[in-house]
Amino acid sequence: MRADELDDYGQRMFQANIHSLAASEVSVKTELNPAGAAGILRVSGTFNYDPFLLGALSNLVGRSGSTPISLTSDVKLSGKVEVAMVIDNSFSMIFTGGGTSIDRIETVRRASQKTVTALALQEDTKVALVPFASTVNIGSQNRSAPWIDSSGIAPTHHENFDWAGSFPGDPATCDKCVEKIGNIWFARGKDWDTQQDKPLTRFQLFDAVSVPWGGCVEARPAPYTVGMQPAQASQDASGTIMGDPHSLFVPMFAVDEIGSGAETNDWWNKNATSGTDRERQANVERYFSGTPSTIPNGKGPNFDCTVQSVIPLTDVSDAANLKMMQDAIKKMTPVGDTNVGDAIAWGLRILTPGEPFDETESGRLAVRRYMIILTDGANTYNVSSNTAGTVSRYGAHGYVKPFDTAQQNRIFMGTGVTPGTSEKSFSDALDSNMKKACDEAKSDGIILITLALDLDSNDVEEHQQISLLQECASPDAFNRSTPSNGTAPLSNDRPDPEKLFWNISSDQLEEVLAQITSDFKSMYISR
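Since the model is a prediction, treat every value here as computed from it, not as a measurement. (Residues numbered from 1 in each chain as written. Predicted model: local features only at pLDDT ≥ 70, side-chain atom pairs only at ≥ 80, totals over all residues. Heavy atoms only, no water.)

### Quick notes on the packing of helix α3 (residues 104–120) against helix α8 (residues 319–330)
The contact between α3 and α8 brings their axes to 9 Å, and the two run at 165°. One finds that α3 runs roughly antiparallel with respect to α8. Read as a crossing pair, α3 and α8 show a hand that is right-handed. Contacts between α3 and α8 involve R109, S112, Q113, V116, T117 and A120 on the former and, on the latter, L322, M325, Q326, I329 and K330. Grouping the constituent residues of the contact of α3 with α8 by class yields five nonpolar, four polar and two charged. (Axes fitted to C-alpha atoms, helices over the stretch in contact; angles between N-to-C directions. Helix = DSSP H or I, 4+ residues; strand = E, 2+ residues; numbered from the N terminus. Parallel < 35°, antiparallel > 145°, perpendicular 65-115°, else oblique. Left-handed = near helix turned anticlockwise from the far one by under 90°. Contact = heavy atoms within 4.5 Å. Nonpolar A, V, L, I, M, F, W, Y, C, P; charged D, E, K, R; others polar.)

### A few points about the packing of aromatic side chains
Applying the stated rule across the entire model yields 22 aromatic pairs. Between the aromatic rings of F161 and F253, the centroid separation amounts to 6.1 Å while the plane-to-plane angle is 70°, which identifies the pairing as edge-to-face. A residue pair is termed long-range when its members are at least 10 positions apart, and F161 in the loop between β5 (125–132) and α4 (163–166) and F253 in the loop between β9 (241–243) and α6 (277–282) qualify at 92 residues. Considered together, F161 and F253 belong to a single accessibility category, that of buried residues. Measuring from centroid to centroid gives 6.1 Å for W346 and F357, while their planes differ by 75°, and the two rings are edge-to-face. With W346 in helix α9 (residues 340–351) and F357 in the loop between α9 and β11 (367–375), this residue pair connects regions lying eleven residues apart in the sequence. Using a relative accessible area of 2% as the deciding quantity, one classes W346 as buried. Taken together through their ring pairs, the aromatic side chains of F161, W163, F167, W192, F206, F253, W267, W268, Y287 and F288 make up a single cluster. Sitting above the plane of the W192 ring, K176 keeps its charged end 4.7 Å from the centroid. (Phe/Tyr/Trp six-rings, centres within 6.5 Å; stacked < 30°, edge-to-face > 60°. Buried < 20%, exposed > 50% of the residue type's maximum accessible area, 1.4 Å probe, protein only. Lys NZ or Arg CZ within 6 Å of the ring centre and 35° of its normal.)

### As for the nonpolar core
Counting residues in each nonpolar core, the largest one holds 73 residues, and the members touching the most others are I138, I148, W163, Y287, I344, W346 and M371. If one sorts the elements of this core by residue count, α9 sits on top with eight residues. Formed by 35 residues, the second largest nonpolar core is a distinct cluster that contains L119, V127, W502 and V512. (Core = buried A, V, L, I, M, F, W, Y, C linked by side-chain atoms within 4.5 Å.)

### Observations concerning the environment of S309
Within the secondary structure, S309 sits in the loop between α7 (285–289) and β10 (311–315). Residues S309 and Q141, spaced 168 residues apart in sequence, show a C-alpha to C-alpha distance of 9.9 Å. Once residues within four sequence positions are removed from consideration, S309 is found in contact with P131, N137, I138 and G139.

### Remarks on a nonpolar patch on the surface
On the surface, a cluster of nonpolar side chains totalling about 290 Å² of accessible area is made up of F91, I94 and F95. Relative to the assigned elements, F91 resides in the loop between β4 (80–88) and α3. Judged by its relative accessible area of 45%, F91 is partly exposed. (Patch = residues over 30% accessible without salt bridge, like charges linked within 9 Å, V, L, I, M, F, W, Y side chains within 5 Å. Areas by Shrake-Rupley, 256 points an atom, 1.4 Å probe, with all protein chains shown as cover. Salt bridge = Lys/Arg side-chain N within 4 Å of Asp/Glu carboxyl O.)

### Topic: the state of the cysteines
Defined simply, a disulfide is a covalent bond joining two cysteines at their sulfur atoms. Per the counting criterion, the structure on display carries three disulfides. One disulfide in the model links C216 with C305; its S-S distance is 2.1 Å. On the sign convention where negative means left-handed, the S-S torsion of about 80° between C216 and C305 marks this disulfide as right-handed. Separated by 89 residues along the polypeptide, C216 in the loop between α5 (202–208) and β8 (233–235) and C305 in the loop between α7 and β10 bring together distant segments of the chain. Here C216 and C305 have matching classes, each one buried. There is a disulfide in this structure between C438 and C472, and the S-S distance comes to 2.1 Å. Taking the sign of the S-S torsion, about -95° here, the bridge from C438 to C472 comes out left-handed. Here C472 lies in helix α11 (residues 460–472) and C438 lies in helix α10 (residues 423–443), a separation of 34 residues in the sequence. Under the relative-accessibility criterion, C438 is labelled buried at 2%. Each bonded cysteine of the protein is numbered by sequence order, and under that numbering the disulfide pairs are 1-2, 3-4, 5-6. (Disulfide = S-S within 2.5 Å.)

### Comments concerning the sheet that holds strand β13 (residues 501–504)
The strand order β10-β5-β4-β11-β12-β13 describes an open sheet built from six strands, whose pairing is mixed. Sheet topology places β10 and β13 at the edges, where each strand pairs with a single neighbour. For this sheet the average axis-to-axis angle between neighbouring strands, irrespective of direction, equals 15°. Running over the sheet, α8 touches β5 and β10 and is turned about 145° from β10. Against the sheet, helix α12 (residues 509–518) engages β11, β12 (447–453) and β13, with an angle of about 170° to β12. (Pairing = 2+ DSSP bridges.)

### Remarks on the packing of α3 against α12
As a packed pair, α3 and α12 sit with axes 9 Å apart at the nearest point and diverge in direction by 20°. Relative to α12, the element α3 lies roughly parallel. The chirality of how α3 crosses α12 is right-handed. Residue-level contacts link T107, V108, A111, K114, T115 and L119 of α3 to L509, E510, L513 and T517 of α12. For the contact of α3 with α12, the class distribution of residues is five nonpolar, three polar and two charged.

### Examining a negative patch on the surface
Taken together, E423, D456, D459 and E461 make up a surface patch of like negative charges. Looking at the secondary structure, you find E461 in helix α11. (Lys, Arg positive; Asp, Glu negative; His and termini not counted. Charge placed at Lys NZ, Arg CZ, Asp CG, Glu CD.)

### Observations regarding the pairing of β11
For β11, the tally of buried residues reaches nine of nine residues, placing the bulk of the element in the interior. Burial along β11 is two-sided: V367, R369, M371, I373 and T375 and R368, Y370, I372 and L374, pointing in opposite directions, are all buried. As judged from the eight bridges shared by β4 and β11, these two strands associate in the parallel manner. Across the sheet, E82 pairs through a bridge with R369, a residue of β11. The parallel pair β11 and β12, bridged by α10, forms a crossover whose chirality is right-handed. (Right-handed = clockwise from strand over helix to strand, strands pointing away.)

### A closer look at the confidence of the model for the protein
For the protein, the average pLDDT comes to 88, and 87% of its residues sit at 70 or higher. A low-confidence stretch, residues 478–492 (pLDDT under 50), is modelled with 29 contacts involving residues beyond four sequence positions or located in other chains. (pLDDT = per-residue confidence, 0-100.)

See the structure below:
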């Protein structure tokens, strides 16, 4: 329909339904996608309100008695929909869900599979899956992606390694030593064999110990931690760096921890024999000279990389894609701690154009984007008392005190939280990042739907998470009434009916998800 035909149709529809106003006194305009507002149908009207009494009084003083009134209403039209399902896979999901006899993760699996099946029946709908615990797995197939720090340019790439101390010598004459040019460490000497004169990175360490990279990356330092800024940095042969190396995503490599019994990730069969525990832990020569062997279950260089990889936006109306998504949901396993902010950040990156993932059609077409965020616990980052002095266990934000002191306290950067050594201070920093990730997503036009699963408002930490999730949620354009499970109202599921936030027990999850997703293709008045 042409613009003039749409406007004429709007005029006739209005005049056919008007009763109390003279049609000749009313001007109505109907527009599709006004001023570039994609997916919007706008109806605006102007008329002169001329009440009898006001007109008589106005005539006495020589003024007009009519009052011009203008009204505008926008309707968002059903169209393409993209949904990122950000699902908690942390260890607490192993516990029995409220109101059920099965563990939470099984409840979540079943409800998520039904949700994806329902979305597959809706036209023009894509779905992404972001399983998370303390980290997010972005897929080992991305090892050579341009946004991955595959050459070791980022300063955090080497923060746990002592390359110079592990391989001393003069690069011009040594048989096996290292040389740093710019930010990159290079292998020098004939004894490096095929690695000679090539960069030494975390990927080379994975290869040395014969373990494939699991696919997890560390969170970027501020200001990139939860943002969607592009990863752009490179270094030329002279060592000149272009761009910001901190913008690159660094692959996780959990070192073999050394200490007097407090280590949590002791997995390699060779250790340095001299130096402090901190120095011995930073030694990297041992990975190249040790003999690969069976790594204890739950340990190794992929420690804390516990979840399966994300599935970017996928057209689930295709039967093969739907099966792939259903299979991935079925494989979700509860292991690890909780880091909601990092997961939201990856949901945001999936739903915005450009690398690391570029399957979204937003920016090119009118697309309504949703992110469903489900968690059953508070944000956590563990303290460690190991004698290497790292203060924390290794995780998405590295060690709080890595070997390179210039990179210390990265978890606190940009959060406004005073650096500390307690789990409470670590959690406060993660909470701050979660707030920022929520704000970033909402400011980009993504509708955030948050679900607190089996959280206890009487528990201090869980109450804090409930508040964070409620604050994170987008406004509810429908202002829905409280849903019912058929036997009793969901008493505390909507603390704020004007927000897309639900505080529910496991037995209510399936119904709530069904209600939420049924609205994704609706048309609704936005103003």
